[in-house]
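Observations on the three-dimensional arrangement
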Amino acid sequence: MLDRVLKPHEIPLSHGTCDLDHLLSISTDSSSIRCTLHVAPVESIKGLDVTALEAFLIGRDILARFIDRAALQRLIDDITETPKQEHAMTVAQGEPAKNGTSAIYTLTDSIQEQLDAIKKRKEAIKSESTDAPLKSPDPDDADVVNFYDQMAFVVVKKGDPIAYKTESSMGTDGCDVFGATIAAIDGKSNDDVLDQTIRVDGNGLCTAAISGVLSASPLKISISENLEIKGDVDFQTGRITFPGSVTVNGGVKDHFSICADHDITIHALVECAKIESLRDITLSRGMAGKDTGTIHCVGDLSARYLESTIGVIIGNAQIQSEITNSSINVRGKLNAEQAVIRGGKVLVSKEAVVNSIGSPQGVETTIAIGVLEELEVELRSIDELSAKLETQIKSMTTKKETYSASIAKPTASQIEEMMGMDFELQEYQSRLTKLNDACKIHRELLSKNTTQRLVVNKAIYAKSILFLPGFRVEFKQDLVGESIIELGSVGQPSITFRGQTVPLSEHARVLPDETYLRVIEDAPAQKTAA
Amino acid sequence: MKILLIDDSKTMRNIQKSVLKQLGYTEIEEACDGQDALSKVGAFQPDLCLVDWNMPVMDGLTFVKNFRQNDKNTPLIMVTTEAEKSRVIEAIKAGVNNYVVKPFTPDLLSERITETLAKCSIGS
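What you are looking at is a predicted structure, and each value in this text was computed from that prediction instead of being measured.

Moving on, we get to the overall build of chain A. Along its length, chain A carries six helices and 32 strands. Scaling as 2.2 N^0.38, a compact globule of 530 residues should have a C-alpha radius of gyration of about 24 Å, whereas chain A reaches 45 Å, well beyond that. Dimensions of chain A, computed from the C-alpha atoms along their principal axes, are close to 150 × 80 × 45 Å. Expressed as a percentage of its 530 residues, the buried residues of chain A come to 43%.

All names here are of chain A. With respect to the helices and strands, Asn325 occurs in strand S21 (residues 317-330). A relative accessible area of 44% means that Asn325 is categorised as partly exposed. As for Asn325 and Gly59, which are separated by 266 residues in sequence, their C-alpha atoms are 101 Å apart. Apart from residues lying up to four places away in sequence, Asn325 is in contact with Asp291, Ser308, Thr309, Arg342, Gly343 and Gly344.

What follows deals with the packing of aromatic side chains. Residue and element names in this part refer to chain A. Across all of its chains, the model carries three aromatic pairs over all chains by this definition. Considering the side-chain rings of Phe235 and Phe256, the 5.1 Å spacing of their centres and the 85 degrees angle between planes classify their relative orientation as edge-to-face. Of this pair, Phe235 sits in the loop between strand S13 (226-229) and strand S14 (240-242) while Phe256 sits in the loop between strand S15 (245-248) and strand S16 (257-260), and the two are 21 residues apart along the sequence. Here Phe235 matches Phe256 in class, with each residue buried. Ring plane angle 75 degrees and centroid distance 5.6 Å describe the contact between Phe467 and Tyr516, whose orientation is recorded as edge-to-face. With Phe467 in strand S26 (residues 464-468) and Tyr516 in the segment after strand S32 (509-512), this residue pair connects regions lying 49 residues apart in the sequence. The exposure class assigned to Phe467 is buried, which follows from its relative accessible area of 8%.

Here we come to unusual backbone geometry. Note the cis peptide between Lys102 of chain B and Pro103 of chain B, where omega equals -5 degrees. Following the sequence through the fold, Pro103 of chain B ends up in the loop between strand S5 (98-101) and helix H5 (106-123). A positive phi angle, near 70 degrees, is found at Asp61 of chain A, a position not held by glycine. With a phi angle near 45 degrees, Ser308 of chain A is a residue other than glycine that sits in the positive phi range. Along the chain, the position of Ser308 of chain A falls in strand S20 (residues 301-313).

So, on to the pairing of strand S31 (residues 500-503) of chain A. Residues and elements named next belong to chain A. Here strand S30 (residues 494-497) runs beside S31; their pairing, made up of four bridges, is antiparallel. Within S31, the position partnered with Phe497 by the bridge is Gln500. Connecting S30 to the antiparallel partner S31 that follows it, the hairpin turn spans two residues, and Arg498 within it adopts a positive phi of roughly 50 degrees.

Before going further, it helps to examine the confidence of the model for chain A. All names here are of chain A. Residue-level pLDDT values for chain A average 88, and 90% of them are 70 or greater. Per-residue pLDDT, averaged within each element of chain A, yields its smallest value for helix H1 (residues 20-23) (80) and its largest for strand S17 (residues 264-266) (98). Below a pLDDT of 50 lies the segment residues 1-17, which in the model reaches 22 contacts outside its immediate sequence neighbourhood of four places, other chains included. Of the regions scoring below 50 in pLDDT, residues 522-530 engages in 19 contacts with residues more than four places distant in sequence or in other chains.

Moving on to a nonpolar patch on the surface. Together, Leu278, Val298 and Ile314 of chain A line one region of the surface with nonpolar side chains, adding up to about 230 Å² of accessible area. With respect to the element layout, Val298 of chain A can be found in the loop between strand S19 (281-297) and S20.

Residue and element names in this part refer to chain A. Applying the stated rule across the entire model yields 25 salt bridges over all chains. A salt bridge links Glu95 to Arg65; the shortest N-O distance between them is 3.7 Å. In this pair, Glu95 is assigned in the loop between strand S3 (87-93) and strand S4 (104-107) and Arg65 in the loop between helix H2 (50-59) and helix H3 (69-81), connecting sequence segments 30 residues apart. Here Lys400 ties to Asp422 by a salt bridge, and the two come within 2.7 Å at their closest N and O atoms. Linking Lys400 in helix H5 (residues 373-406) with Asp422 in helix H6 (residues 412-448), this pair joins segments that are 22 residues apart in sequence. Among the residues examined, Lys400 registers a relative accessible area of 24% and is labelled partly exposed.

Residues and elements named next belong to chain A. Read from one edge to the other, the open sheet built from four strands follows the order S4-S6-S10-S9, with strand pairing classed as antiparallel. A strand with exactly one partner marks an edge of an open sheet, and here the two such strands are S4 and strand S9 (198-200). Strand after strand, the sheet turns through a mean of 30 degrees between neighbouring axes, direction not considered. Alignment of S4 against strand S6 (residues 161-166), held across four bridges, turns out to be antiparallel. Bridging from a neighbouring strand, Tyr105 pairs with Lys165 of S6. Against the sheet, helix H4 (residues 109-127) contacts S4 and S6, and its axis sits at roughly 70 degrees relative to S4.

Attention now goes to the packing of helix H2 (residues 34-44) of chain B against helix H3 (residues 60-70) of chain B. Residue and element names in this part refer to chain B. Axis separation between H2 and H3 bottoms out at 9 Å; the angle between their running directions is 25 degrees. Classified by the angle between their axes, H2 and H3 sit roughly parallel to one another. Here H2 runs over H3; the crossing is right-handed. Every residue of H3 that contacts H2 at Gly34, Ala37, Leu38 and Val41 is listed here: Phe63, Asn66 and Phe67. Taken together, the residues that form the contact of H2 with H3 break down as five nonpolar, two polar and no charged.

Time to look at the packing of H3 of chain B against helix H4 (residues 85-94) of chain B. Residues and elements named next belong to chain B. Packing of H3 against H4 leaves a shortest axis separation of 9 Å and a crossing angle of 20 degrees. Classed by the angle they form, the pair H3 and H4 counts as roughly parallel. Here Leu61, Val64, Lys65 and Arg68 of H3 come into contact with H4, specifically with Glu90, Ala91 and Ala94. In terms of residue class, the contact of H3 with H4 is built from four nonpolar, no polar and three charged.

To continue, consider the state of the cysteines. Throughout the structure, instances matching the rule amount to zero disulfides over all chains. Of the cysteine sulfurs around Cys297 of chain A, a residue in no disulfide, the closest is that of Cys259 of chain A, at 13 Å. In this structure Cys297 of chain A comes out as buried when scored by relative accessible area, which is 0%. Distance from the sulfur of Cys120 of chain B, which forms no disulfide, to the nearest cysteine sulfur (Cys49 of chain B) is 11 Å.

Conventions used here
- Residues numbered from 1 in each chain as written.
- Chains lettered and ligands numbered in written order.
- Predicted model: local features only at pLDDT ≥ 70, side-chain atom pairs only at ≥ 80, totals over all residues.
- Heavy atoms only, no water.
- Helix = DSSP H or I, 4+ residues; strand = E, 2+ residues; numbered from the N terminus.
- Rg over C-alpha atoms; globule rule 2.2 N^0.38 Å.
- Buried < 20%, exposed > 50% of the residue type's maximum accessible area, 1.4 Å probe, protein only.
- Contact = heavy atoms within 4.5 Å.
- Phe/Tyr/Trp six-rings, centres within 6.5 Å; stacked < 30°, edge-to-face > 60°.
- Pairing = 2+ DSSP bridges.
- pLDDT = per-residue confidence, 0-100.
- Patch = residues over 30% accessible without salt bridge, like charges linked within 9 Å, V, L, I, M, F, W, Y side chains within 5 Å.
- Areas by Shrake-Rupley, 256 points an atom, 1.4 Å probe, with all protein chains shown as cover.
- Salt bridge = Lys/Arg side-chain N within 4 Å of Asp/Glu carboxyl O.
- Axes fitted to C-alpha atoms, helices over the stretch in contact; angles between N-to-C directions.
- Parallel < 35°, antiparallel > 145°, perpendicular 65-115°, else oblique.
- Left-handed = near helix turned anticlockwise from the far one by under 90°.
- Nonpolar A, V, L, I, M, F, W, Y, C, P; charged D, E, K, R; others polar.
- Disulfide = S-S within 2.5 Å.

As C-alpha cells, this is what we get:
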C-alpha cells in the first residue's frame with residue numbers, strides 16, 4: 001500500500017517506461033457507478049503495475065475505497081500477456097442507491113378466492129354457447145357451479161377483513177466512484193389506494209368500514225353501498241343479495257333474484273323473478289311475473305304495471321298503468337288513479353284509489369279494502385283459543401261445584417283436590433285474561449291500520465267482487481262513473497255515485513261475509529259483524 | 001332466598017310454587033316426603049321450608065323434629081289440613097314457626113310467608 005497517494009506526474013518514469021497519461025484513460029457508466037480503465041497498446045510494460053494504476057485512478061478522482069485492486073492485477077496480467085493490444089477492465093465500483101419499497105396491499109385469502117371464483121365464472125359463462133343457455137344446475141352434482149346462486153360480485157359486510165397492508169420503506173443513498181451521493185427514492189405510502197370505506201388498523205389489517213360491493217384493483221380498493229348493474233340481472237350477475245341499494249339499468253331475467261337491504265330500482269322489465277327490499281322498490285317499467293314472480297317490499301312500491309305477479313307491500317303502492325292477474329297485498333294505501341285492476345286479487349289495508357276494476361269483457365276481479373290478513377289470522381286464532389278456554393273454565397267450574405256438593409265433611413285429600421281445581425281454574429282465568437288483552441291490542445291495531453274507503457275514477461265492471469270487513473259485494477252490472485265506497489265503524493257499506501250517497505246495496509249485491517273480520521270499535525269482545 | 005316445599009301432592013306443590021313465584025322467589029326445591037326433604041336440606045340449605053303434615057314414608061311432624069335437632073333457626077311453616085288446636089300446638093312445640101290450614105288462598109299463604117320471614121329476621 002502507498003503511504004501517500006501519488007499523483008500521476010509524481011510517479012517516477014525511468015528510461016523505457018511508459019507514459020501513463022498517454023497510455024491510460026477512464027470511462028464511467030451514466031451513473032458513474034462503474035469505472036472502466038482503458039489501456040492503449042504498449043511497447044513495454046515496465047513501470048506499469050497495480051500501484052501505478054491505482055495512483056492513476058486516484059489522480060482521476062476515483063475514491064480509493066472503490067478501487068478493485070484484484071481487477072487491476074488481472075488487468076496487469078492481461079497487458080503482460082498481450083501488451084500490443086488494447087485492454088479495458090472495470091476497476092472501480094461505487095455503491096448504488098437502494099430505493100425504498102412502496103406500500104403493498106395484499107387481499108385476504110377469502111377475498112382473493114372470491115375474486116378468482118368470479119373470474120372463472122366469467123370465463124365459464126363466456127365459453128358457453130349462446131344457443132344453449134345455461135340451465136339450473138343439478139343439486140346432486142358437487143362439481144357443477146351454480147351460476148344462479150354464485151354472485152358476480154364480492155359483497156362484504158362492515159368489519160370484514162379485506163386486505164393486509166405492508167408499509168412502505170425508506171431508501172438508502174448510494175455513492176458513485178467519485179464520491180458523489182446518489183439519492184435514493186423512498187417508497188410511496190400508497191394511502192390513496194384506499195378510501196374512507198376501508199379502515200387500516202395498527203397492524204396493517206384493512207377492514208370494511210361499510211357493507212357493500214368491493215372493487216379491488218392494484219390502484220384502488222373501495223366499497224360501494226350502491227350496486228349498479230349496467231345490463232340485466234342474469235347469468236352475468238347471478239342472483240343478487242346485497243346489503244345496500246341496487247340499481248339495475250337493464251331488467252331481471254326469469255328465476256333470478258335481487259334481495260337488498262336498501263332501495264331497489266330496476267329500469268327495464270322484471271320477469272319471473274324474486275325482488276325483495278327492506279326499503280323501497282321502483283320498477284320503471286314493470287313486472288311480468290308469469291304467476292310465480294314475487295315482489296316483497298318493506299317500504300313503498302312504485303311500478304308502471306304488475307302482471308301475473310305475487311306481491312306484498314308493507315308500505316304504500318303506486319301503480320301507473322295496470323295490475324293484471326296478480327295477487328297483491330298492500331298494507332298501506334294503493335294509489336292507482338290511472339291504473340286498471342284486471343283479474344287476480346288485490347288486498348289493500350288502507351284507502352285505495354283506482355281508475356277501474358275489472359274489464360268490459362267481464363274478467364273476474366277481486367279487491368278487498370280495509371283488510372289486514374295477517375293480523376286477522378292471529379285474531380281468529382286468539383278467538384279460537386279464548387273459546388276453548390271458556391269451555392274449559394265452564395266445565396271445571398261445574399266439576400268443582402258437583403264435587404263440593406257431594407261432600408259433607410271433606411277429608412284432607414278432598415280438600416287438596418278442591419284446592420287443585422281452584423288452582424287450575426285460576427290458571428285458566430289468568431290465561432283468558434291475557435288472551436283478552438292480546439285480542440284488544442290486535443283489535444286496536446286492526447282498527448288503526450285499516451281504512452275502508454275505495455275511490456274508483458272510471459268504472460267498476462260486472463264480475464268484480466269487493467270485500468269489505470264483514471261484507472262481500474258482487475257487481476252484477478257495470479257501474480260507469482266516479483264512485484266512492486266507504487264503510488263506517490258501524491252500519492252498511494255506502495256508495496257515493498253521481499253525487500248521491502246511497503247504500504251500496506242499491507248498485508250491487510251486498511252479502512254478509514266473514515272472510516275478513518270487521519272490528520267494531522268499543523265492542524266488549526271481538527266478534528265478526530257479519 | 002331458597003325455599004324447600006315438602007308435600008306429597010304435586011298439585012299442592014304447584015300451587016305453593018305459583019304463590020312463591022308471584023312473591024318473587026325463584027330458588028325453589030321440592031321434596032315429596034319428610035325423608036326426601038331431609039336428604040335435600042344438606043345440599044340445598046333452605047332459608048324457609050313449607051311442610052305438609054300427612055305424608056307417606058316420613059310425615060311432616062317427624063321431619064320438623066329431625067330438622068330441629070340440627071337447625072334451630074331456619075323458619076318452618078306447616079301447611080296442612082290438620083286444623084285442631086291440639087295439633088297446632090303439637091306442631092309449634094315440635095318447632096314450626098307458623099301454621100297454614102288447607103284450604104288456603106294464595107293471599108293467605110303469601111301473608112303467612114311474609115309474616116314468618118319478618119318475625120324470624122327480627123329474631124335473628
